[in-house]
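A closer look at the structure
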Amino acid sequence: MRTALLVIDVQRALFDPEPRPLDADAVIRRINGLAAAARAVRSPVIFVQHETADGALVHGGEGWQLERRLEVQPDDQRLHKTTPDAFQRTGLERLLRKVGMTRVVICGYATEFCIDTTARRAAGLGFDVVLVADAHTTHDKPHATAEQIRLHHNKTLPALTSFGVAIRADLAASIDFAPR
């Protein structure tokens, strides 16, 4: 099993303004640790950036840029997306298959949108999925706090068994990128 790290939408427009996402600083630290662990065994690190036609996430704009404290290396991959699904019209599946990946580790923003959609799509495409239980985040919503949303997804996504592949929710400190 070969594993890639997908870092979804950790961008300035989503992380800088107040109120910031739940545990924003801790999530960024955990993502940096995951990226270092992946690079140490030559697993791909892929940063996915959402972009819109106008507004704070316009391609190339200040808000579209990756969060300042992310530790990005020259060999890391970057993909741009326009929907919550990091696979739709991005070439992500082709890239993962080309380098022999069979499992993806998913972290970033927003739990109930891009994280959820990408995790489900990855499983539907046959990739084993590890949701980093303490390295995905969102903002409070009128119907639920960000903490409730994260907990819900950490419990719900692993309960999906119909895809025929594993979906797990593991803490960042327990994730191993070594090929199996």
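Presented here is a report on the structure given in the accompanying data block. If you're wondering where the values come from, they're calculated on a predicted model, not measured in any experiment. (Residues numbered from 1 in each chain as written. Predicted model: local features only at pLDDT ≥ 70, side-chain atom pairs only at ≥ 80, totals over all residues. Heavy atoms only, no water.)

1. Points about the pairing of strand β6 (residues 167-170)
We count it as follows: When DSSP locates at least two bridges between a pair of strands, those strands are taken to pair. In DSSP terms, a helix is any run of H or I states spanning at least four residues, a strand is any run of E spanning at least two, and both are numbered starting from the N terminus. By definition, the crossover connecting two strands over a helix is right-handed if that path, from the first strand to the second, turns clockwise as seen with the strands pointing away from the viewer.
As paired strands, strand β5 (residues 128-137) and β6 are joined by four bridges and run parallel to one another. For valine 129, the partnering residue across the bridge sits in β6 and is isoleucine 167. Read as a crossover between parallel neighbours, the route from β5 over helix α5 (residues 146-156) to β6 is right-handed.

2. What about helix α2 (residues 24-40)?
Convention followed: Multiplying one less than the number of residues by 1.5 Å gives the expected span of a helix. Note on exposure labels: buried denotes an accessible area under 20% of the residue type's maximum, exposed denotes more than 50%, and partly exposed covers the range between, all computed with a 1.4 Å probe on protein chains only. Contacts are assigned to residue pairs with any non-hydrogen atoms lying within 4.5 Å of each other.
Across its 17 residues, α2 extends 24 Å between first and last C-alpha, which sits within 8% of the 24 Å expected from 1.5 Å per residue. Of all the residues in α2, the buried ones are Ala24, Ala26, Val27, Ile28, Ile31, Asn32, Leu34, Ala35 and Ala38. Buried residues belonging to α2 abut β1 (3-8), α1 (12-15), β2 (45-50), β4 (103-109), β5 and α5. Of the residues one or two after α2, arginine 42 is the one with positive phi, at around 65°.

3. Concerning the sheet that holds β4
Let me state the cut-off plainly: To get an axis, fit a line to the C-alpha atoms, keeping to the stretch in contact for a helix; angles then go from 0 to 180 degrees between the N-to-C directions.
The strand order across the open sheet built from six strands is β3-β2-β1-β4-β5-β6, with neighbouring strands paired in parallel fashion. Each edge of the open sheet carries a strand with a single partner, namely β3 (77-81) and β6. Recorded for the sheet is a direction-independent mean angle of 25° between the axes of neighbouring strands. In this sheet, β4 lies alongside β1 in parallel orientation, the contact comprising six bridges. By the bridge assignment, leucine 5 is partnered in β4 with valine 105. The sheet strands contacting helix α4 (residues 111-124) are β1, β3, β4, β5 and β6, and the helix crosses β4 at an angle near 170°. Strand contacts of α5: β5 and β6, with the helix running at about 165° to β5, the strand carrying the most contacts.

Shape descriptors only; they carry no functional weight alone.
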